[in-house]
Amino acid sequence: MSNKSPQFSGIIQVSTTLTPTQYVRLVRRGVTAPKLLYTHHNFSIEQSDQLCHSLAPKSGNRNDFVFLMIVSSWENSKRRDYIRKTWATYHWFWKNPSMTYSYKFVISQPDPNRNYTVHPTDLDSPDIIMSDLNEHYYLLDIKVMWGFSHVLLNHKFDYILKCDDDTFVNLWRLPPKLLAKANTDYFYGGKVLETHNWAGEGIKYAAGSGYVMSRKTLCAVVLAHSVYSLETPRIPIEDAYTGLLNARMGIKVTPLSGFATEHESCKDFTTVIFHHINMKLFGKLLHAAVNGTHFC
């Protein structure tokens, strides 16, 4: 095998809408949206660092402290509206005005095999990123990687927080957590879980209810996905797969307190992530966060 660095082949545009099977085949070939392809698999964090300069967005975009990537299903417009009206839109909470943030929802095309009873009303909203995938739980790992790739190429930020549309994020408490723990260029943190089920590897990873990566870590994960998808069996569990890619790049997950996988710390105002939240609780949680009271 050659010892030369991977050669960046540019961006391969695929304009047609892909079926799940077609997309899986592309990913198995090392192609991902935005379609990055490398000549071989011998990939290192140093090579990632070099290539990430090629993937920076155009100059002029605002550099946010945190970018929030909220993974949502096509039909969940009500959940997205609750998030817009509660925790995602209160920009005044930052003590440091330079710590700006932005957010986007990542959704896919409707599953052609499902008979939807609810049709979304917000598909034209500027805070939505629509992928070429069809909605399917088995494709969630690819959907998240698609979203990561899109965000990497189109937005400037120091950190990205990935969460789901049934998550309440206490943004008031996020900056202190990051400033206290994120002391490396390659940061990856959240509530740590562990699995021993894939390829005999014991992989520690951050729970998908909410985890944070630095920009360099995100870039390394996107590039590693492009390279290792050629030889690594898919893990259709997005948080475990993200953890596996980080481990392949030598990046360890950092435990972050307050990143709950369930509504398990409602009396602790330092909690950052509340998962599996009923939409009716969003307003109550927002009021409690603003006023510094208990969540329940």
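The present account deals with the structure reproduced in this document. No experiment lies behind these values; they were computed from the predicted model shown.

What follows is about the pattern of salt bridges. Within the structure shown, the criterion is met by 11 salt bridges. Of the charged contacts in the structure, one is a salt bridge between Glu135 and Lys143, with a shortest N-O distance of 3.1 Å. Glu135 gets classed as buried once you look at its relative accessible area, which sits at 9%. Close ionic contact of Lys216 with Asp185 constitutes a salt bridge, the shortest N to O distance being 3.7 Å. Of this pair, Lys216 sits in helix H6 (residues 215-228) while Asp185 sits in the loop between helix H5 (174-181) and strand S6 (188-198), and the two are 31 residues apart along the sequence. With a relative accessible area of 32%, Lys216 lands in the partly exposed category. Taken together, the shared-partner salt bridges connect Arg80, Asp81, Arg84, Asp122 and Asp127 into one network.

Next up on the list: helix H2 (residues 45-52). All of the buried residues in H2 are Gln47, Ser48, Leu51 and Cys52. Along the axis of H2, the buried positions cluster into a sector of 135°, meaning they face one direction only. Among the exposed residues of H2, those oriented more than 90 degrees off its buried face are Glu46 and Gln50.

Right, let's get into the pairing of strand S3 (residues 128-134). Counting buried positions over the 7 residues of S3 gives 6, a clear majority of the element. Bridge count between strand S2 (residues 101-109) and S3: 4 bridges; the pairing is parallel. Pairing of Val106 across the sheet is with Ile129, part of S3.

Turning next to helix H4 (residues 140-154). Between its first and last C-alpha, H4 extends 21 Å over 15 residues, near the 21 Å set by a 1.5 Å rise per residue. With 11 of 15 residues buried, H4 is to be regarded as a mostly interior element. Here H4 has its buried residues at Asp141, Ile142, Lys143, Val144, Met145, Trp146, Gly147, Phe148, Ser149, Val151 and Leu152.

All right, on to the packing of H4 against helix H7 (residues 238-248) then. Following both chains from N to C, one finds H4 and H7 inclined at 60°, their axes separated by 8 Å at the closest point. The angle between the axes of H4 and H7 places the two elements in the oblique class. H7 is crossed by H4, and the crossing has right-handed handedness. Where H4 approaches H7, its residues Leu140, Asp141, Val144, Met145 and Phe148 are matched on the opposing element by Glu238, Tyr241, Thr242 and Leu245.

With respect to the secondary-structure elements, Leu245 resides in helix H7. Ignoring anything within four residues of it in the chain, the contact list for Leu245 reads Met145, Val221, Ala224 and His225.

Think of a pair of aromatic rings as described by two things: how far the centres are apart, and how the planes are tilted against each other in angle. What the rule picks out here adds up to 7 aromatic pairs. Measuring from ring centre to ring centre gives 5.5 Å for Phe65 and Tyr159, while their planes differ by 75°; the resulting arrangement is edge-to-face. Taken together, the positions of Phe65 in strand S1 (residues 63-71) and Tyr159 in strand S4 (residues 156-164) put the pair 94 residues apart, joining distant regions of the chain. For the pair Phe67 and Phe157, a centre-to-centre distance of 5.9 Å together with 35° between the ring planes defines the contact as tilted. Of the two residues, Phe67 is situated in strand S1 and Phe157 in strand S4; the sequence distance between them amounts to 90 residues. The class of Phe67 is buried, set by a relative accessible area of 0%.

Cut-offs applied
- Residues numbered from 1 in each chain as written.
- Predicted model: local features only at pLDDT ≥ 70, side-chain atom pairs only at ≥ 80, totals over all residues.
- Heavy atoms only, no water.
- Salt bridge = Lys/Arg side-chain N within 4 Å of Asp/Glu carboxyl O.
- Buried < 20%, exposed > 50% of the residue type's maximum accessible area, 1.4 Å probe, protein only.
- Helix = DSSP H or I, 4+ residues; strand = E, 2+ residues; numbered from the N terminus.
- Arc of directions from axis to C-beta.
- Pairing = 2+ DSSP bridges.
- Expected span 1.5 Å × (residues − 1).
- Axes fitted to C-alpha atoms, helices over the stretch in contact; angles between N-to-C directions.
- Parallel < 35°, antiparallel > 145°, perpendicular 65-115°, else oblique.
- Left-handed = near helix turned anticlockwise from the far one by under 90°.
- Contact = heavy atoms within 4.5 Å.
- Phe/Tyr/Trp six-rings, centres within 6.5 Å; stacked < 30°, edge-to-face > 60°.

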